[in-house]
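Okay, here's what each chain looks like letter by letter:
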Amino acid sequence: MVKLDLYLTTPVHASQATEAPVIISGAPPNVRVTVKLEQTRGKDPLFGPKTKQVRTDGSGGAVVKFTLRLKGPTPAAVLVTSATDEKDTTYPVDADSVEVLA
Amino acid sequence: MALVVASPAAADPEVKLLLQRDDQGGTMLVPDRPLPASRAFTVHYALPPDVTRGSGYLEVWPKLEDTCEATRPDIRQSHSIALALSMVDGKATLAGYVPPLQVDLEYCLKLHTFLGLGAAQLSAIATLAADAMRGTLLGSPTACADASHELFESSLKGALIRLGISASNLPLAAAAARAELFAKTGDVCSRLGEVDRLSLQKKQLVDVALAKTKAETAIDTFDEKLAPLPAPLTVVNGVPALVDAGKKPKPPSELELWDGETVVPAASVLKAVKPRTPAVTDVAIAALKLGPRSPANLKLLELFERARDRRLEFEALEKAVAAGETSVAKVKDELTKTLVAAFSAPGVASTLRNPERPMFAEPTTAGSGETPNKLNYASVDVGLLAAPTGFAVWFLPYVGLNVYAVAVDRTIGLNRLSGSMLRRVLQVLSVTLGATLAAPGGPGVVVQAPFLSTYPLVGLGARVANFVRVTGGALFYVLGDADGLSAKKTLHASFFFGASLDLDLVELLTRAAGG
């Protein structure tokens, strides 16, 4: 089953660069996947949307890393990732939330 | 020939990453076997028991510095490998597919895991969070219908603190619990109004009990002189208790009253008014109604009637409160179950995550000289050489044996070779020993094979592309007398340069033979 997993590493400090990996699994092998990441909740200005492309490996997995700087402080910054591949398959979205410290 | 394995095959080796305590009391990853070289393999990391959710990724990069502390995504053969959840022998495992690694190159490994919480942990969290939220909602039942996101989050946070569990992604977990509650809550929130009603009834019960006690105290302290009650008086008149009890009353010498258990003198009842059973009160009221209507008698009658009314009110209210308590207990129980279900929703379980704790593995050398191709120090190929002699330029096919100083990795593309400059040079540079596959000739000369009817050559070759090798060196031949007048033969050597298809013929033939 194709799956997207977005993870934000805590703690996140406002305006400091933080890495958000998106893990793709269960996709067809060797397809180009366009991954989108955007912030839907938190302190303005919100991050994204930004897209990156990646090619899945032989097992249909891939990792895309976004680097972002979130505004804060906010008790909950919510980021949502979505993806489509070159065969126009839409992958189920995933989200992660994190408290952004001052 | 450089081959890239496109997808994992059943025969791909497996490497398990095991957790091991290090000297500093931390944990470190240790592969259960040396990393294979020159071929893809799958990597497995077993999740702790009870954990059935998670994913992760493994970073693999060549160790070019003293330590592996900093990842090097910028260098060749730096991989981020997605690890997906799979079940192996009934155990949850993260598994990923590692592309071929370069033989004899040392690699750093860093594992990032994002694991869900265990079933027991989730259950405990749901119970405690539901408990905390239940208390808040019962304290303010109107808060149920529009319970805030913050309330869910603080309930979760409190439960995690109490359990000493560290988890991330609380806001989304709270949102999932809230959505679940409002999707399945039914009329629990509206029924929480019963809690308010019960509270009001209990307050009323206290008020009525006080009024009842006050009325009874007024009877207890009544000390006005009563007008004598007529005697004898038929006790049964207006006293159903006597009739109900089936007693046959004797004609009393004075007014006697039935207190529900026995016949007692009316005077003692009226004075002491104890035991103040409903029957006694009723009999007293009956007696006073039948007696003379003196002010004291009427006042006592009023006191008894008030006491009776308060008692009846109290009893009715007491029944209502008892029924309300049963109903509220059900509502509370239902609320608890609903809240536990909300906090146990799959959406909560899938969003609550253990914080990431990246783990490093000991730097590991891939292959240790071994590749799937056992003849990785040598290869045989065919090519075409050009040898400019003084009298002609020969173009000859040749076969060559290429001998390397190190085990050669043909799976890794030349543009992806990593490691030190020397290591990369040794991966492409070989000494070539071979012979032409055709006899050269030339105008006015007799060219002969110098050794076993072959024209040997020796050179230095380099793989310059995935499928092409260039070689330069010396081609040996013997020149004889063109006129045949002399038996004089001289050995000559000519510079040559050649290009060959970088086909490892031995490997190809071995594979073709099913070896």
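Preceding this section is the structure that the text describes.
Notes on the structure follow. (Residues numbered from 1 in each chain as written. Chains lettered and ligands numbered in written order. Predicted model: local features only at pLDDT ≥ 70, side-chain atom pairs only at ≥ 80, totals over all residues. Heavy atoms only, no water.)

**What to know about the overall build of chain A**
When helices and strands are counted, chain A shows zero helices and eight strands. Along chain A, helices and strands appear, N-terminal first, in the series β-β-β-β-β-β-β-β. Of all intrachain contacts in chain A linking residues separated by at least 6 positions in sequence, the fraction that spans at least 24 positions is 63%. (Helix = DSSP H or I, 4+ residues; strand = E, 2+ residues; numbered from the N terminus. Contact = heavy atoms within 4.5 Å.)

**Regarding the overall build of chain B**
Helices and strands together make up the secondary structure of chain B, namely 12 helices and 17 strands. Across the 515 residues in chain B, those meeting the buried criterion constitute 44%. When the accessible area of chain B is evaluated, it comes to approximately 25,300 Å², of which 59% is carbon and sulfur surface. (Buried < 20%, exposed > 50% of the residue type's maximum accessible area, 1.4 Å probe, protein only. Areas by Shrake-Rupley, 256 points an atom, 1.4 Å probe, with all protein chains shown as cover.)

**Describing the sheet that holds strand 8 (residues 90-101) of chain A**
Residues and elements named next belong to chain A. The strand order across the open sheet built from five strands is 2-8-7-4-5, with neighbouring strands paired in mixed fashion. Each end of this open sheet is capped by a strand with a single partner; those strands are strand 2 (12-13) and strand 5 (50-55). Sheet topology note: the strand 4 (residues 32-41)/strand 5 ladder contains six bridges and is antiparallel. Counted as the bridge partner of Lys36 is Thr51 from strand 5. (Pairing = 2+ DSSP bridges.)

**As for the sheet that holds strand 6 (residues 62-69) of chain A**
Adjacent strands of a sheet pair through backbone hydrogen bonds, lying either parallel or antiparallel. All names here are of chain A. Strand order in the open sheet formed by three strands is 1-3-6, with antiparallel pairing between adjacent strands. Where the open sheet ends on each side, the last strands, each with one partner, are strand 1 (3-6) and strand 6. Neighbouring strand axes in the sheet, compared pairwise and without regard to direction, differ in orientation by 20 degrees on average. Of the pairings in the sheet, the one linking strand 3 (residues 17-25) to strand 6 comprises eight bridges and is antiparallel in character. (Axes fitted to C-alpha atoms, helices over the stretch in contact; angles between N-to-C directions.)

**Regarding the side chain of Thr364 of chain B**
Residue and element names in this part refer to chain B. Note on placement: Thr364 falls in strand 10 (residues 359-365). Look at Thr364 and you get buried, because its relative accessible area is 11%. A polar atom in the side chain of Thr364 sits 2.8 Å from the backbone oxygen of Glu362. Excluding anything up to four places from it in sequence, Thr364 contacts Pro31, Leu35, Leu105, Glu106 and Tyr107. (Polar contact = N/O pair within 3.5 Å; in protein donor to acceptor, adjacent residues only side chain to side chain.)

**Digging into helix 2 (residues 149-163) of chain B**
Residue and element names in this part refer to chain B. Along its 15 residues, helix 2 runs 21 Å from first to last C-alpha, staying within 8% of the 21 Å computed at 1.5 Å per residue. What helix 2 keeps buried is the set His149, Leu151, Phe152, Glu153, Ser155, Leu156, Ala159 and Leu160. Taken from the residues just after helix 2, Gly164 is the one with a positive phi, measuring 70 degrees. (Expected span 1.5 Å × (residues − 1).)

**Examining the interface of chain B and chain A**
Quite often, the size of an interface is put as the accessible area lost when its parts meet. With 23 residues of chain B at the interface, the matching set in chain A holds 26 residues. Summing both partners gives a buried area of about 1,800 Å² for chain B against chain A, and 55% of it is carried by carbon and sulfur. For the salt bridge of Asp94 of chain A with Arg353 of chain B, the shortest nitrogen-to-oxygen distance reads 3.5 Å. Linking chain B with chain A are nine residue pairs in polar contact (both at pLDDT 80 or more), by the criterion used here. Elements with a minimum of two residues in the side of chain B that touches chain A: strand 4 (54-62), strand 5 (79-88) and helix 3 (170-184) of chain B. (Buried area = accessible area lost by both parts, 1.4 Å probe. Salt bridge = Lys/Arg side-chain N within 4 Å of Asp/Glu carboxyl O.)

**Overview of the environment of Ala392 of chain B**
Residue and element names in this part refer to chain B. By the secondary structure assignment, Ala392 is in the loop between strand 11 (378-388) and strand 12 (393-404). Its relative accessible area of 17% is what places Ala392 among the buried residues. It is 9.9 Å that separates the C-alpha atoms of Ala392 and Val445, two residues lying 53 residues apart in sequence. Setting aside chain neighbours within four positions, we find Ala392 in contact with Ala387 and Gly441.

**Concerning the state of the cysteines**
What is meant by a disulfide is a covalent connection between two cysteines, made through their sulfur atoms. Residue and element names in this part refer to chain B. As enumerated under the stated definition, the model contains one disulfide over all chains in all. A sulfur-sulfur separation of 1.9 Å characterises the disulfide bridge that pairs Cys68 with Cys108. A torsion of -70 degrees about the S-S bond marks the disulfide between Cys68 and Cys108 as left-handed. Separated by 40 residues along the polypeptide, Cys68 in the loop between strand 4 and strand 5 and Cys108 in strand 7 (residues 106-115) bring together distant segments of the chain. By relative accessible area, Cys108 is classed as buried at 0%. (Disulfide = S-S within 2.5 Å.)

**Things to note about the pairing of strand 3 (residues 41-46) of chain B**
Residue and element names in this part refer to chain B. Of all six residues in strand 3, five are buried, a share of seventy percent or more. As paired strands, strand 1 (residues 14-21) and strand 3 are joined by three bridges and run parallel to one another. Considered in strand 3, the bridge of Lys16 is made with His44. The pairing of strand 3 with strand 6 (residues 91-98) spans six bridges and is antiparallel. Paired with His44 across the strands is Ala95, a residue of strand 6.

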